[in-house]
Amino acid sequence: MDSQVIVALALSLVGGLSTSLGALLVILSGAPSLKMLGLLQGFAAGLMLSISFFDLVHNAINSIGFLKGNLWFFAGIIFFAIVVTFIPEPQIAPASEGKRKKENGDEGGKDMLKKHRRQVFYSGIVTAIGISLHNLPEGMAVFLGSLKGLRVGLNLAFAIALHNIPEGVAVALPVYFATQSKWEAFKLATLSGFAEPLGVVVVGV
C-alpha cells in the first residue's frame, strides 16, 4: 500500500475515533434524563449546524461558486430525505423495562414510554446513518489534503476530529437513553466514525 494512503488512513482514523470519544463522554456520564437528552441533543445539533454553515457550505461556495454550492447543498438534503424513507422504525426492549413498568403502573403510561423510547432510538439510528454518509467524503478530503502535504492533512484531520466529538454525542445520546445499553451507544457511534477511513480506502486504494 502506498505510504500516502497509509498516512491518510491514520489521519482519518484519528477523526473517526473522535466520534468514539464523543460516545465515551455520554456513557461515562450515566443514562441521561429526558430533559438532559433534549438539552444535549439541541447543543450537539447547534454545533453541527454551525460547522455546516460556517465551514462546509462556505468552503463549497468558495470552491465552486454560490449557485453550484447551494444546488449541491439542497441535493444533499433531498438525498438524505430519500434515504430516511427506507430506514425501518426499530423495535426495542430495554433491559430495565420491567423495572420501569413497575414504577409507572399505568398501562397507558407504559405504552407511551415505550413508544417514546422507540422514537428516540429511531432518531439515533437516523443520526448515525446521516453522520456515516457525512464522514465518507470527509475521509476522501483527508486523503486529498494529505496528497498536498502532511501539514495540510494534519490540519484537516484535526479540524474534523474536533467536530466529530459532538457527532459522537449526537449518536450515542438517544441510543443510550432508549436502550440503557452503554455498549450499543458506543458501538453505533464508533461504526458511524469508521465511515471516514472507508472514504480514504474508496479513493486511495
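In the nomenclature of an unreviewed UniProt entry, the protein corresponds to Zinc transporter ZTP29 from the organism Linum tenue. Under the heading Subcellular location (unreviewed entry), UniProt records this for the protein: "Membrane".

Participant: Looking at this structure, I do not really get helix α6 (residues 150-179). What am I missing?
Facilitator: Along an α-helix, a turn takes 3.6 residues, which lines up residues three or four apart on a common side. Under the 1.5 Å per step criterion, the end-to-end length of α6 is 41 Å for 30 residues, consistent within 8% with the ideal 44 Å. At N164, α6 shows its largest bend, some 25°, and a proline, P166, comes one to four positions later.

Participant: What is the right way to read the nonpolar core from this model?
Facilitator: Most often, soluble globular proteins keep nonpolar side chains buried together rather than apart. Within the largest apolar cluster, 21 residues are counted, with the highest numbers of intra-cluster contacts made by V26, A172 and A185. Counting only elements with at least two residues in this core, the list comes to α1 (3-27), α5 (107-148), α6 and α7 (182-193). Sort the elements by how many residues they give to this core and α6 lands first, with 8 residues. Beyond its immediate sequence surroundings of up to four residues, V26 is in contact with V169, A172, L173 and Y176.

Participant: Looking at this model, I keep getting lost on the packing of α1 against helix α8 (residues 195-204). Mind explaining?
Facilitator: The interhelical angle for the contact between α1 and α8, taken along N-to-C directions, is 160°, at an axis separation of 7 Å. It follows that α1 is roughly antiparallel to α8 by the angle criterion. Here α1 runs over α8; the crossing is right-handed. Where α1 abuts α8, its residues V5, A8, L9, S12, L13, G15 and G16 lie against E196, P197, V200, V201 and G204.

Participant: Explanation requested: the packing of aromatic side chains in the structure shown.
Facilitator: Aromatic ring pairs: the centre-centre distance and the angle between the two ring planes describe each pair. Tallied over the full model, the rule gives 2 aromatic pairs. Relative to F73, the ring of F53 lies with its centre 5.8 Å away and its plane at 55°, an arrangement referred to as tilted. A residue pair is termed long-range when its members are at least 10 positions apart, and F53 in helix α2 (residues 34-64) and F73 in helix α3 (residues 66-85) qualify at 20 residues. When the ring of F73 is compared with that of F74, the centres are 5.1 Å apart and the planes differ by 80°; the resulting orientation is edge-to-face.

Thresholds, definitions, all that
Residues numbered from 1 in each chain as written. Predicted model: local features only at pLDDT ≥ 70, side-chain atom pairs only at ≥ 80, totals over all residues. Heavy atoms only, no water. UniProt positions renumbered as here; feature names shortened; annotations may be inferred. Helix = DSSP H or I, 4+ residues; strand = E, 2+ residues; numbered from the N terminus. Expected span 1.5 Å × (residues − 1). Bend = angle between axes of the 7 residues up to and from the residue. Core = buried A, V, L, I, M, F, W, Y, C linked by side-chain atoms within 4.5 Å. Buried < 20%, exposed > 50% of the residue type's maximum accessible area, 1.4 Å probe, protein only. Contact = heavy atoms within 4.5 Å. Axes fitted to C-alpha atoms, helices over the stretch in contact; angles between N-to-C directions. Parallel < 35°, antiparallel > 145°, perpendicular 65-115°, else oblique. Left-handed = near helix turned anticlockwise from the far one by under 90°. Phe/Tyr/Trp six-rings, centres within 6.5 Å; stacked < 30°, edge-to-face > 60°.

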